Amino acid sequence: MITGTVKIWHSSQGWGFIEGIDGEDYYLHASKVRSGQSISTNCRVKFDVSQGYKGPEAENVTLY
């Protein structure tokens, strides 16, 4: 798992980006946040990475 900080989060639209500790940006969709977790901008999170259609995506996202 990688750790990072939620850089942008559009809660009304259900998507955003995480800046990983490696400096990369990862796309985040609300469906990839684990049940019971509440995400917002500047939250520290840990997550797995998968290759999406347009680039790296975060999945299994939980608060850190």
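Owing to the predicted nature of the structure, the values given are computational and were not obtained by experimental measurement.

*Asks:* Sorry if this is basic, but what is going on with the nonpolar core here?
*Replies:* One broad trend across soluble globular proteins is that nonpolar side chains are buried collectively. Counting residues in each nonpolar core, the largest one holds twelve residues, listed as V6, W9, I18, Y26, L28, V33, I39, C43, V45, F47, A58 and V61. Discounting chain neighbours no more than four positions away, the residues touching Y26 are I2, G16, F17, I18, G20, F47, V49, P56, E57 and A58.

*Asks:* In this structure, what is going on with the packing of aromatic side chains? I would like to understand it.
*Replies:* Between two aromatic rings, the relevant description is the distance of the centres plus the angle of the planes. Inspection of every chain in the model, using the stated rule, returns four aromatic pairs. For the pair W15 and F17, a centre-to-centre distance of 5.9 Å together with 90 degrees between the ring planes defines the contact as edge-to-face. Relative accessible area serves as the criterion here: at 29%, F17 is assigned to the partly exposed category. Among the aromatic side chains, those forming a connected cluster through ring pairs are W15, F17 and Y27.

*Asks:* I would appreciate a short explanation of the pattern of salt bridges in the present structure.
*Replies:* When the charged atoms of two side chains with opposite charge come close together, those side chains can pair. Applying the stated criterion across every chain, the model contains one salt bridge. Put simply, D25 and K7 hold a salt bridge, and the shortest N to O gap is 2.9 Å. With D25 in strand 3 (residues 25-29) and K7 in strand 1 (residues 2-10), the pair connects residues that are 18 residues apart, well separated along the chain. Residue class for D25 comes out partly exposed when judged on its relative accessible area of 33%.

*Asks:* It is not clear to me how the side chain of T62 should be interpreted in this structure. Could you clarify?
*Replies:* Summarising the element assignment, T62 is placed in strand 5 (residues 56-63). Those residues in contact with T62 that lie beyond four places of it in its chain are R34, Q37, R44, V45 and K46.

Reading the values: the criteria
- Residues numbered from 1 in each chain as written.
- Predicted model: local features only at pLDDT ≥ 70, side-chain atom pairs only at ≥ 80, totals over all residues.
- Heavy atoms only, no water.
- Core = buried A, V, L, I, M, F, W, Y, C linked by side-chain atoms within 4.5 Å.
- Buried < 20%, exposed > 50% of the residue type's maximum accessible area, 1.4 Å probe, protein only.
- Contact = heavy atoms within 4.5 Å.
- Phe/Tyr/Trp six-rings, centres within 6.5 Å; stacked < 30°, edge-to-face > 60°.
- Salt bridge = Lys/Arg side-chain N within 4 Å of Asp/Glu carboxyl O.
- Helix = DSSP H or I, 4+ residues; strand = E, 2+ residues; numbered from the N terminus.

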